Amino acid sequence: KDIADVFEIRASLEGLAAGLAAERITSGELEEMERLLVEKGEAIAKNDINQLVEVDTKFHEAIYRASRNDRLSSIISNLREQIQRFRSTSLSYPGRMKESLEEHRAIVDAINSRDIQLARQLSQEHIENAENIMIECLKRDGLAAEKVGE
């Protein structure tokens, strides 16, 4: 339940950040996000889960920066830290690495098109998909009763 609560809040706030980014992003920030997509693809090709988590974190941080809302960025980062230790588990789920890359590509395309609503929707769906996979992994591994932050 704690994990689900964190994801529920995070999905809404990530959507807000992506929508703001679609309004406010610079060309340099878009280039950075494109580079991060390439790095993520390379990490997937090498099956390097540690690099993948690192690049995934940088990607989300790039969206937060582009939102130009420091308070929002701080709140989302705090929520993300509460579930950080589970991220490699969910990204290791069969097919999730590539799905996550495709979702990130669609988010960047929406931000680049300045489509605020689509950027919000895709970001929320991305976090909801991550939640569903993580909960599935936790159930599979018998960790579903574990609480966030313990």
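Before any of the text, the structure's been laid out above.
Below, the structure is looked at part by part.

Parameters at a glance
- Residues numbered from 1 in each chain as written.
- Predicted model: local features only at pLDDT ≥ 70, side-chain atom pairs only at ≥ 80, totals over all residues.
- Heavy atoms only, no water.
- Salt bridge = Lys/Arg side-chain N within 4 Å of Asp/Glu carboxyl O.
- Helix = DSSP H or I, 4+ residues; strand = E, 2+ residues; numbered from the N terminus.
- Buried < 20%, exposed > 50% of the residue type's maximum accessible area, 1.4 Å probe, protein only.
- Expected span 1.5 Å × (residues − 1).
- Polar contact = N/O pair within 3.5 Å; in protein donor to acceptor, adjacent residues only side chain to side chain.

1. Things to note about the pattern of salt bridges
Where charged atoms from two side chains of opposite charge come close, those side chains can pair.
Link 1 in the chain: Tallied over the entire structure, the rule returns 11 salt bridges.
Link 2 in the chain: The residue arginine 10 makes a salt bridge to glutamate 14 at a minimum N-O spacing of 3.0 Å. Pair noted here: arginine 10 and glutamate 14 are both in helix α1 (residues 2–24), with a separation of four residues, about one helical turn.
Link 3 in the chain: Judged by its relative accessible area of 3%, arginine 10 falls in the buried class.
Link 4 in the chain: With a relative accessible area of 2%, glutamate 14 lands in the buried category.
Link 5 in the chain: The partner of arginine 96 in a salt bridge is glutamate 99, with the nearest N and O atoms 3.5 Å apart. With arginine 96 and glutamate 99 both in helix α5 (residues 96–112) and three residues apart, the pair spans about one turn of that helix.
Link 6 in the chain: The exposure class of glutamate 99 is partly exposed, given its relative accessible area of 37%.
Link 7 in the chain: Each member of the salt-bridge network shares a partner with another, and the members are Glu34, Arg105 and Asp109.

2. Examining the environment of alanine 43
Link 1 in the chain: Turning to its location among the elements, alanine 43 is positioned in helix α2 (residues 27–46).
Link 2 in the chain: Given the relative accessible area of 0%, alanine 43 is considered buried.
Link 3 in the chain: Sequence separation between alanine 43 and glutamate 54 is 11 residues, and the spatial gap between their C-alpha atoms is 9.7 Å.

3. Thoughts on helix α3 (residues 49–67)
Link 1 in the chain: Along its 19 residues, α3 runs 27 Å from first to last C-alpha, staying within 8% of the 27 Å computed at 1.5 Å per residue.
Link 2 in the chain: One side-chain oxygen at the N-terminal end of α3 lies 3.2 Å from the backbone nitrogen of asparagine 50; it belongs to aspartate 48.
Link 3 in the chain: One or two positions beyond α3, positive phi appears at arginine 68, with a value near 60°.

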